[in-house]
Amino acid sequence: GESVSGQSTMAASASRASPDFKLWNQLGAGKFEVLNLPLCKVLLNNDTTWPWLVLVPQQNDLVEMHDLSDVDQLQLMREMSACSRAVQSGWAPTKVNVGAIGCVCRQLHVHVLGRFEGDAVWPQPVWGATKAVPYPTDGVQRDADIAKFREEIGKFIVPC
């Protein structure tokens, strides 16, 4: 918030990942690590249907965005925006969807994925709408997508 003088009244602590952060198995399953940002671990969802990232703030015991400090809420927004821009610039989708639902896995995480007009479920939500199309086991396409995401994200924010 702001005080009457217009000065920010938000806490001055820096955004940070916890050194003892534990990613829940349920959330990490079926995903590949892309990179770490100042707050979030960025994962690639194992579904080639859409360019699909999952951002996980690296602090324990978070369920809702408001569980983050004010400073970390702003950092999460910066990182969500950078990943959204990366999806837009790298894949040119019709729309970038961003969502934090958390009913299946309550550890705080945010989905960022590109949607294309005319895709299999357009314009309906993707969650549970189709069966995932996993990356081939040889890793070639997965590794290429991870490298592309790293490059694109790096255009908008500095990874750790």
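Procedures and definitions
Residues numbered from 1 in each chain as written. Predicted model: local features only at pLDDT ≥ 70, side-chain atom pairs only at ≥ 80, totals over all residues. Heavy atoms only, no water. Helix = DSSP H or I, 4+ residues; strand = E, 2+ residues; numbered from the N terminus. Rg over C-alpha atoms; globule rule 2.2 N^0.38 Å. Buried < 20%, exposed > 50% of the residue type's maximum accessible area, 1.4 Å probe, protein only. Contact = heavy atoms within 4.5 Å. Areas by Shrake-Rupley, 256 points an atom, 1.4 Å probe, with all protein chains shown as cover. Core = buried A, V, L, I, M, F, W, Y, C linked by side-chain atoms within 4.5 Å. pLDDT = per-residue confidence, 0-100. Pairing = 2+ DSSP bridges. Expected span 1.5 Å × (residues − 1). Arc of directions from axis to C-beta. Axes fitted to C-alpha atoms, helices over the stretch in contact; angles between N-to-C directions. Phe/Tyr/Trp six-rings, centres within 6.5 Å; stacked < 30°, edge-to-face > 60°.

## Focus on the overall build of the protein chain
Here's step 1: Helix and strand content of the protein chain: 3 helices and 5 strands.
Here's step 2: When the helices and strands of the protein chain are placed in sequence order, the string is α-β-β-β-α-β-β-α.
Here's step 3: Computed over its C-alpha atoms, the radius of gyration of the protein chain comes to 16 Å, within 12% of the 15 Å expected for a compact globule of 160 residues.
Here's step 4: Here the C-alpha coordinates of the protein chain stretch approximately 55 × 35 × 30 Å along the principal axes.
Here's step 5: By the burial criterion, 39% of the 160 residues in the protein chain qualify as buried.
Here's step 6: Contacts in the protein chain between residues far apart in sequence, at least 24 positions, make up 60% of those at least 6 positions apart.
Here's step 7: Just so you have it, the protein chain exposes about 8,700 Å², and 53% of that area is on carbon and sulfur atoms.

## A few points about the nonpolar core
Here's step 1: If you look at the biggest cluster of nonpolar residues, it comprises 27 residues, and the most contacted ones within it are Val34, Val42, Leu53, Leu55 and Ile153.
Here's step 2: Broken down by secondary-structure element, the contributors of at least two residues to this core are strand E1 (31–36), strand E2 (40–45), strand E3 (52–57), helix H2 (70–91), strand E5 (110–115) and helix H3 (140–154).
Here's step 3: If you tally residues by element for this core, the top one is H2, at 7 residues.
Here's step 4: Leu27, Trp50, Cys105 and Val121 belong to the second-largest nonpolar core, a separate cluster that totals 11 residues.

## Details of the confidence of the model for the protein chain
Here's step 1: On average, residues of the protein chain score 90 in pLDDT, and 91% of them are at 70 or above.
Here's step 2: Note that pLDDT drops below 50 for residues 1–13; the model gives that stretch 13 contacts with residues more than four away or on any other chain.

## Considering the pairing of E3
Here's step 1: Within E3, 6 of the 6 residues are buried, leaving the element largely enclosed by the surrounding structure.
Here's step 2: Along E3, one buried face is formed by Trp52, Val54 and Val56 and the opposite face, lined by Leu53, Leu55 and Pro57, is buried too.
Here's step 3: Pairing geometry for E2 and E3, over 5 bridges, is antiparallel. Its bridge partner being in E3, Lys41 is matched across the sheet by Val56.

## As for H3
Here's step 1: Over its 15 residues, H3 extends 21 Å from the first C-alpha to the last, a length consistent with the 21 Å expected when each residue adds 1.5 Å.
Here's step 2: Three or more residues of H3 are buried, namely Asp145, Ile146, Phe149, Glu152 and Ile153. Taken around the axis of H3, the buried residues stretch over an arc of 135°, which confines them to a single face. Exposed and facing more than 90 degrees away from the buried side of H3 are Val140 and Glu151.
Here's step 3: Looking at the buried positions of H3, the neighbouring elements they touch are E1, E2, E3 and H2.

## So, the sheet that holds E2
Here's step 1: Read across the sheet, 5 strands follow the order E1-E2-E3-E5-E4 without closing on themselves; strand pairing throughout is antiparallel. The open sheet has two free edges, formed respectively by E1 and strand E4 (95–99), since each of these has just one partner strand. Here the strands of the sheet are splayed against their neighbours by 25° on average, with no regard to which way each runs.

## Let's talk about the packing of aromatic side chains
Here's step 1: In this structure the tally under the stated criterion is 4 aromatic pairs.
Here's step 2: With a centroid separation of 6.1 Å and 75° between ring planes, the pair formed by Trp52 and Trp127 is classed as edge-to-face. Placement of the pair is Trp52 in strand E3 and Trp127 in the loop between E5 and H3, with a sequence separation of 75 residues.
Here's step 3: Pairwise contacts between aromatic rings join Trp50, Trp52 and Trp127 into one cluster.

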